[in-house]
Amino acid sequence: MSNQKTIQLKDLCTKVKRGSSSFYLREGDEKIKIIRHSAVKEDGRIDFSAVEEGMIKSSLRTSENLLKAGDVLISIRGPAKVAVVPAEAEGFTYSSEFVALEIDAKRIAPELVATYLTLPHVSKYLESKNQGKVIRTISLESILSLEISVPDSETQQKLSELLSLISEEYEVIAKEEKRLADLKYAAYSMYLEGA
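Cut-offs applied
- Residues numbered from 1 in each chain as written.
- Predicted model: local features only at pLDDT ≥ 70, side-chain atom pairs only at ≥ 80, totals over all residues.
- Heavy atoms only, no water.
- Core = buried A, V, L, I, M, F, W, Y, C linked by side-chain atoms within 4.5 Å.
- Buried < 20%, exposed > 50% of the residue type's maximum accessible area, 1.4 Å probe, protein only.
- Helix = DSSP H or I, 4+ residues; strand = E, 2+ residues; numbered from the N terminus.
- Pairing = 2+ DSSP bridges.
- Patch = residues over 30% accessible without salt bridge, like charges linked within 9 Å, V, L, I, M, F, W, Y side chains within 5 Å.
- Areas by Shrake-Rupley, 256 points an atom, 1.4 Å probe, with all protein chains shown as cover.
- Salt bridge = Lys/Arg side-chain N within 4 Å of Asp/Glu carboxyl O.

Enquirer: Tell me about the nonpolar core, and name the residues and values.
Expert: In this structure, Leu-9, Val-72, Ile-74, Ile-108, Val-113 and Leu-117 are the most contacted members of the largest nonpolar core, which totals 27 residues. Mapped onto this core, the elements with two or more residues apiece are β5 (72-75), β8 (98-103), α2 (110-117), α3 (120-128), α4 (140-144) and β9 (147-150). In terms of residues, this core owes the most to one element, α2, which gives five residues.

Enquirer: Tell me what's going on with the sheet that holds strand β7 (residues 93-94), and back it up with residues and numbers.
Expert: Within the open sheet, the three strands sit side by side as β4-β3-β7. Their pairing is mixed. Edge strands, defined here as strands with exactly one partner in the open sheet, are β4 (52-56) and β7. As paired strands, strand β3 (residues 30-35) and β7 are joined by two bridges and run parallel to one another. Opposite Ile-34, over in β7, you have Thr-93 as the bridge partner.

Enquirer: Can you explain a nonpolar patch on the surface? Please cite residues and give values.
Expert: On the surface, a nonpolar cluster with roughly 460 Å² of combined accessible area is contributed by Leu-162, Leu-165, Ile-166, Tyr-170 and Ile-173. Relative to the elements of secondary structure, Ile-173 occurs in helix α5 (residues 153-194). Judged by its relative accessible area of 43%, Ile-173 is partly exposed.

Enquirer: Give a description of the pairing of β5 that names residues and reports values.
Expert: Residues Val-72 and Ile-74 of β5 are buried on one face, and the alternating residues Leu-73 and Ser-75, pointing to the opposite face, are buried as well. Of the strand pairs in this sheet, β5 and β8 are connected by four bridges, and their pairing is antiparallel. Counted as the bridge partner of Leu-73 is Ala-100 from β8.

Enquirer: Requested: an account of the pattern of salt bridges, with residues and values cited.
Expert: Evaluation of the coordinates by the stated rule reveals 12 salt bridges. Put simply, Lys-31 and Glu-53 hold a salt bridge, and the shortest N to O gap is 3.9 Å. Placement of Lys-31 in strand β3 and of Glu-53 in strand β4 is noted, with a sequence separation of 22 residues between them. Among the salt bridges present, the one from Arg-45 reaches Asp-43, with a minimum N-O distance of 2.8 Å. Connected through salt bridges with shared partners, the residues Lys-17, Lys-68, Asp-71 and Glu-102 form a single ionic network.

Quick look at the structure:
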């Protein structure tokens, strides 16, 4: 790609937010939606049917760390997952398995950062920084110190359009998979009723 410059990921962030520990996510006084690791799919989609509602303890930390549309949500524990927060998840909170990066969208589109983080060589690099003996644990510093290429605005526009098409295809596939699952369930039900 032409006219690319490489900088550290932390230099593209306007804010770095840490997920809330279980202490803040139970027996609180404020009802809120909580994104946990299981709600984020391998392809970066958030499964809203798996998003829990809980009572969170109100504090400066929890209020400052609420998600905004466009945040890049990155798992630091457990299987590697990266998602761009959609508008429907604005105001949600998230567990300590994640960090959320507010990206300076004037410099780079958040979708491009999320895609970069899932590239095979970047995933391999992050896995090499694994600090966990049993469960994968990546330090925030390992993520923020990543060198990322920032394409020129024209290239970013083309990449964003392509990523949008890919996202639409994933939605079509997800709907077809659900339809097939519903058909299979209906067939099993008919079989059991007739047995």
